[in-house]
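Structural characterization, general
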There are 2 protein chains.
Amino acid sequence: MTQQKKSIPSMVKDPKLIEKRREQIVEAAVGLFISKGFHKTTTREISRASGFSIGTLYEYIESKEDVLYLVCDAIHQEVEKRLKEVLVDATSGVEKLRSAIKGFYHVMDEMQDRVLLIYQEIKSLPKEPMRYVLGKEEEITAIFEEILEHGMQDGSLKIEQSAVKLMAHNIVVLGEMWTFRRWSLQKHYTLEQYINIQTSLILGELTTN
Amino acid sequence: MTQQKKSIPSMVKDPKLIEKRREQIVEAAVGLFISKGFHKTTTREISRASGFSIGTLYEYIESKEDVLYLVCDAIHQEVEKRLKEVLVDATSGVEKLRSAIKGFYHVMDEMQDRVLLIYQEIKSLPKEPMRYVLGKEEEITAIFEEILEHGMQDGSLKIEQSAVKLMAHNIVVLGEMWTFRRWSLQKHYTLEQYINIQTSLILGELTTN
DNA sequence: TTTCAACGACCGAGCGTTCGGTCATACATC
DNA sequence: GATGTATGACCGAACGCTCGGTCGTTGAAA
C-alpha cells in the first residue's frame, strides 16, 4: 500500500551531512515557496537562503523539482506526526472522532501556509514523486477511515458502509478547506466556530441516518 | 460587491475581431494549460494553437498572464451560466436545494478539467485579476447561500443563521472536491453515488439540527 | 598525499516580448 | 477602370535576459 519513498542521489558521501544539509534546504525553500511560489523561486535563491552556494546545492539534489519533493514530503511528515500525537488519547467511538477532527483542524490552522503550499504546487512534481505525495494524502484519509470504522464497531456511529471512505475524505477536505478558502472563511468565522459547525455537520448525518 | 472586470488593452481596432480572436486564444490555451500547466506552456505554443503567429498574439494581449486571466474568466462564466440554467425550475425549499446540488455537481463533473485548472493556476495571476476571479467564486457561493435562506424562510430547512454561509461554502467545495480528489474518489464512487451521499450529508444536519 | 565538501564563474537553451516590415483591402482621385 | 495612398491586421526574426545546471578549482582535514 505505502509507496516506496523516492531517495534522491547525492554526490556527498556522509549521510549525516546529507540529512543536515537537506534540512537546511527544506527550511529555506519552504519559506521561499510560500512567499513566491515554486516557479518564481530560483535555485540560486534557495542556495543562498540555505546558507551555501549554487554549486553546493547541487551536491545534494539533482534538480529543482527534487527540492519541491523534499519540501512536500517534509510537510506531510509533519502533518502526519502531529495528527498522530493528537490521537493518542484512546477514548472510544464518537468522542474519538470528535477529538480527531478538532485536533486535525487545529493542525491545519497552525500549518496553513504549508498545507496550502502542497495544494498549489503538487502538480509541478514529476509523475512518480507526485504519486508518492498523493499516497501520503490517502494515508491521512485512511486514518480517519479507521476511526470511523472503530466508531461503527462500538455502535456509537452509524453510517452506510459505502459512505465511510467518502466521509473520511470529507473530513480531510473540510479541514484543508480552512486553508484554501481562508480568504473568505477566516473573515467570517473563528477556528473554534468553524470546528463546531463542521463537526456537527459531520456527526449530524452520522448519528441520525 | 461585484468587482470591476479588468479589460485588457489591444492594438487592434475592431472590437468584433478582438472578441473572435480572444475566443480562439482561450480555446487554444485551455487545452494547453490543462495538459501542460500554465508555466510550462509557451506563448509560441499558444499562438500556434490559436492559429496565428506570436506577433499577432501580442496584438490582443499584453502579457502571458493576460491569457490565464482570459481563461479563468471564461471558465467561471461558463460555470455560472450552466449553474443558472439548472436553477430555473422554481420548486421551493429543500427540493430546490437538492436539485441545485445535483445540477452543480453535474456541472463540476462535466467541467472537471477546467475547474481543476482554475484551482491549480489561480495563484499565478497577478494580484488584481486574482481578486476578481476569487470574487467570482464568492458569487457562486452566494447563489447557494440564497437558496439556503429561501429554504429557511419557507420552513423546509432549519440551520443556525451563523452556519448558513459556511454551509454554502461546503456545498461548493464538496462539488469541487469531486475534481481535485478524483484520483481517489472516482475510483470508488460513481457521480450518482457521490451526489447522493453528499446530499444526505448536507441535508442530514440541516433537517435534524 | 589523498579525499572530498564547498565554491562560483561559466554555459547555453529557452523564454517573453518587441518591432520593422509585408500585404490585402478600402477608398479617393483622375 | 486605372492608379495612388492610407489603413491596420498579421508576421516572425531577433533581442535581452533569466535560470537550471556544470565543472575546474580551492582548501581543510585526515
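To start, this report covers the structure provided alongside it. Just so we're clear, the structure is a prediction, and the values are computed from it rather than from any experiment.

A few words on the pattern of salt bridges. On inspection of all chains with the given rule, the structure shows 26 salt bridges over all chains. Arg82 of chain B is paired through a salt bridge with Glu78 of chain B; the nearest N and O atoms lie 3.2 Å apart. With Arg82 of chain B and Glu78 of chain B both in helix H4 (residues 64-86) and four residues apart, the pair spans about one turn of that helix. A salt bridge links Glu145 of chain B to Lys165 of chain B, with the shortest nitrogen-to-oxygen separation between them at 3.5 Å. Remark: Lys165 of chain B occurs in helix H8 (residues 164-180) and Glu145 of chain B occurs in helix H7 (residues 127-153); sequence separation between them is 20 residues. One network of salt bridges, with partners in common, ties together Glu78, Arg82, Glu110 and Arg114 of chain A.

To continue, consider the packing of aromatic side chains. Under the criterion given, the structure shown has 19 aromatic pairs over all chains. Considering the side-chain rings of Tyr105 of chain A and Tyr194 of chain A, the 6.1 Å spacing of their centres and the 40 degrees angle between planes classify their relative orientation as tilted. Residue Tyr105 of chain A is located in helix H5 (residues 94-110), and its partner Tyr194 of chain A is located in helix H10 (residues 191-208); the two are separated by 89 residues in the primary sequence. By relative accessible area, Tyr105 of chain A is classed as buried at 1%. With a centroid separation of 5.7 Å and 75 degrees between ring planes, the pair formed by Tyr119 of chain A and Phe180 of chain B is classed as edge-to-face. Residue Tyr119 of chain A is found in helix H6 (residues 112-121), and its partner Phe180 of chain B is found in helix H8; the two belong to separate chains. Classification of Tyr119 of chain A by relative accessible area gives buried; the value is 19%. Judged by its relative accessible area of 10%, Phe180 of chain B falls in the buried class. Following the ring pairs from residue to residue traces out a cluster consisting of Phe104, Tyr105, Phe144, Trp178 and Tyr194 of chain A. Taking NZ or CZ as reference, Lys64 of chain A lies 4.5 Å from the ring centre of Phe38 of chain A, over its face.

What follows is about H6 of chain A. Across the 10 residues that make up H6 of chain A, a large majority, seven, are buried. Buried within H6 of chain A are the following residues: Gln112, Val115, Leu116, Leu117, Ile118, Tyr119 and Glu121 of chain A.

Thresholds, definitions, all that
Residues numbered from 1 in each chain as written. Chains lettered and ligands numbered in written order. Predicted model: local features only at pLDDT ≥ 70, side-chain atom pairs only at ≥ 80, totals over all residues. Heavy atoms only, no water. Salt bridge = Lys/Arg side-chain N within 4 Å of Asp/Glu carboxyl O. Helix = DSSP H or I, 4+ residues; strand = E, 2+ residues; numbered from the N terminus. Phe/Tyr/Trp six-rings, centres within 6.5 Å; stacked < 30°, edge-to-face > 60°. Buried < 20%, exposed > 50% of the residue type's maximum accessible area, 1.4 Å probe, protein only. Lys NZ or Arg CZ within 6 Å of the ring centre and 35° of its normal.

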